[in-house]
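# Fold and contact review
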Amino acid sequence: MPALCTTASIFGGVFSCVILTFAAPQIAVFALQFGPLETCALILMGLTCISSVSANNQFKGLAMGVLGLLLACVGMSPFSAESRFTFDIFALNSGIDLVAVIVGVFALSEVLDRVERMRREARVENGTSCRVQLPSLGEWRGRMSGLVKSSLIGTFVGILPGTGAATAAFLSYGEARRSSPRRGNIGKGEPDGIIAAESSNNAVTGGALVPSLALGIPGDPVTAIMLATLTIHGVTPGVRLMTENPEMVYATFAVLMLSNLLMYPSCIITTRMFSFLLRIPEQLLMGFIAVLCILGSYGSRGNLFDVFVTVFMGIAAYFMRRMEFPLPPLVIGLVLGQQFEMSIGQMMLFKGDDSWLAFVSASPIAMALLGMAFLLLVVPQVQNYRALRAKR
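Below is a short write-up of the structure.

Thresholds applied
Residues numbered from 1 in each chain as written. Predicted model: local features only at pLDDT ≥ 70, side-chain atom pairs only at ≥ 80, totals over all residues. Heavy atoms only, no water. Helix = DSSP H or I, 4+ residues; strand = E, 2+ residues; numbered from the N terminus. Buried < 20%, exposed > 50% of the residue type's maximum accessible area, 1.4 Å probe, protein only. Contact = heavy atoms within 4.5 Å. Areas by Shrake-Rupley, 256 points an atom, 1.4 Å probe, with all protein chains shown as cover. Polar contact = N/O pair within 3.5 Å; in protein donor to acceptor, adjacent residues only side chain to side chain. Core = buried A, V, L, I, M, F, W, Y, C linked by side-chain atoms within 4.5 Å. Axes fitted to C-alpha atoms, helices over the stretch in contact; angles between N-to-C directions. Parallel < 35°, antiparallel > 145°, perpendicular 65-115°, else oblique. Left-handed = near helix turned anticlockwise from the far one by under 90°. Nonpolar A, V, L, I, M, F, W, Y, C, P; charged D, E, K, R; others polar. 1 Å grid on protein atoms, 1.4 Å probe; cavity = no way out; pocket = protein on both sides within 12 Å on 5 of 7 lines; lining within 4 Å. Points joined across faces, edges and corners; volume = space filled by probe spheres on them. Phe/Tyr/Trp six-rings, centres within 6.5 Å; stacked < 30°, edge-to-face > 60°. Lys NZ or Arg CZ within 6 Å of the ring centre and 35° of its normal. Arc of directions from axis to C-beta.

All right, on to the overall build of the protein chain then. Looking only at helices and strands, the protein chain has 16 helices and 2 strands in total. Relative to its full complement of 392 residues, the protein chain shows a buried share of 43%. For the protein chain, the share of sequence-separated contacts (at least 6 apart) that also reach a separation of at least 24 residues comes to 76%. Summing over all exposed atoms, the protein chain offers an accessible surface of approximately 20900 Å²; the carbon and sulfur share of this is 67%.

Have a look at this one:
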């Protein structure tokens, strides 16, 4: 599994670098056509991932997705500066931190679940070594198409300013749950979901450099800092950067590609360095992970309230696991909810009205994305109906 994840990350990064090298100016011009309406349609298509990651129980999956969207609304409104769902708690004015929720939902709840299982299951001796080897060609059989698709999704999402790696990862994960030939085992140890998320997540880096270098528009906070650094050194980012400073641009491409290729030896070294963790008794290991969860949630924003959010979400997610509620829809709704609200508000402001008929007169890009979202929702239901009818 570590080798597959590392290889997928390297492939996604190198893939986006190649696209960045040969097609940055042309892609940047296309990215300029994405306004609030197109972004809103893209995020709406991303929200259809909730349906694919909760195929076992659509009702529970949709309920968790709605809960994630509600959590995204907590805090100050980006348009009216009004407090929403804060219950007079000052710390909630800045919203609920995504890192705190993810750590609590996935990491801390897993620790609690594992501690509960340790009381019922026999003790299993941990291994003493861990090695990372290049995956064989047989392991990639049937997975290459998903790897390329996820890399394309990550590169495309990275090109759009303000989206980020989390959006790309969940979009790719949802697509893998929908189209993978082994989708029934995703979430039970099947690498397809992890490969999709890792390759897409790393492909965002190269994609984010497209609007940054070609147009001077930061694709994420990291590229915003990079643009500020270039400005400090007298280099003006934008459409003339590639003609006035080509050596700097292509040196950036080369360094980015080299950094992706160095991920594999770094993975080998660090995996062997931390293999001693496998010799730690499981009770101590679970306690150590729980401490890291608390420290990680606090270190994200330096806010003690985030620690309480992590603990609360961890306990809540533990009981949700017991009741077989899918957890990914909650995080998908939270990740995409804030951007969805922002794009809807911007769209209404630009259109000058509050009518959803703005979609009717939308651009062809938005209509195509909405059509894809509709198909992603309807086609699986039709397939399930046909399969059920044939079974009867």
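Let us look at the side chain of Ser172. Tracing the backbone shows Ser172 in helix H7 (residues 165-179). The class of Ser172 is buried, set by a relative accessible area of 1%. Side-chain polar atoms of Ser172 contact the side chain of Ser200, separated by 2.8 Å. The residues contacting Ser172, other than those within four sequence positions of it, are Ser150, Ile153, Ala196 and Ser200.

Taken as a class, soluble globular proteins show a tendency for nonpolar side chains to be buried jointly. In terms of nonpolar packing, the biggest core is built from 39 residues, with Ile96, Val101, Val105, Met313 and Leu369 touching the most fellow members. If one sorts the elements of this core by residue count, helix H15 (residues 328-351) sits on top with 10 residues. Apart from residues no more than four positions distant in its own chain, Ile96 is found in contact with Leu71, Val74, Val101, Val309 and Gln338.

What follows is about the packing of helix H5 (residues 98-118) against helix H13 (residues 282-301). Contact geometry for H5 and H13: axes closest at 10 Å, N-to-C directions at 165°. Between H5 and H13, the interaxial angle falls into the category roughly antiparallel. Crossing of H5 against H13: the hand is left-handed. Residue-level inspection shows Val99, Ala100, Val103, Ala107, Leu108, Val111, Arg114, Val115 and Met118 of H5 in contact with H13, the latter providing Glu282, Gln283, Met286, Ile289, Ala290, Cys293, Gly296, Ser297 and Ser300. Of the residues assigned to the contact of H5 with H13, the class counts are 12 nonpolar, 4 polar and 2 charged.

This part is about the packing of H5 against helix H14 (residues 304-322). Running from amino to carboxyl end, H5 crosses H14 at an angle of 55°, the nearest separation of the two axes being 7 Å. Overall, the two elements H5 and H14 adopt an arrangement that is oblique. As H5 runs across H14, the sense of the crossing is right-handed. Counted together, Ala100, Val101, Val103, Gly104, Val105, Phe106, Leu108, Ser109, Glu110, Leu112, Asp113 and Glu116 of H5 and Asp306, Val309, Thr310, Val311, Met313, Gly314, Ile315, Ala317, Tyr318, Arg321 and Arg322 of H14 form the full contact between these two elements.

Empty pockets left among the atoms are what a rolling probe the size of a water molecule brings to light. In this structure, the second largest pocket spans a volume of roughly 320 Å³. Around the second largest pocket, the lining comprises 16 residues; the ones closest to its centre are Leu71, Val74, Ile96, Phe312 and Met313. Broken down by secondary-structure element, the contributors of at least two residues to the lining of the second largest pocket are helix H4 (58-72) and H14. For the lining of the second largest pocket, the class distribution of residues is 16 nonpolar, no polar and no charged.

A few words on the packing of aromatic side chains. In the structure shown here, the tally under the stated rule is 2 aromatic pairs. A centroid spacing of 5.9 Å and a plane angle of 25° characterise the contact between Phe11 and Phe15, whose relative ring orientation is stacked. With Phe11 and Phe15 both in helix H1 (residues 2-31), this residue pair falls 4 residues apart, about one helical turn. With a centroid separation of 5.3 Å and an interplanar angle of 70°, the aromatic rings of Tyr318 and Phe319 are classed as edge-to-face. Take Tyr318: its relative accessible area is 12%, and that puts it in the buried class. The lysine or arginine in question, Lys60, covers the ring of Phe325, its NZ or CZ lying 5.0 Å from the ring centre.

What follows deals with unusual backbone geometry. A positive phi angle, near 55°, is found at Phe85, a position not held by glycine. For Phe85, the position within the fold is in the loop between strand E2 (83-84) and H5. The phi dihedral of Asp88 is positive, around 60°, even though this residue is not glycine. The topology assignment puts Asp88 in the loop between E2 and H5. Given a relative accessible area of 81%, Asp88 falls into the exposed group.

Owing to its 3.6 residues per turn, the α-helix aligns residues three or four sequence positions apart on the same side. Considered for burial, the residues of helix H12 (residues 263-273) that qualify are Tyr264, Cys267 and Thr271. For H12, the angular spread of buried residues about the axis comes to 55°, placing them on one side. Opposite its buried face, H12 presents the exposed residues Ile269, Arg272 and Met273, each directed more than 90 degrees away.

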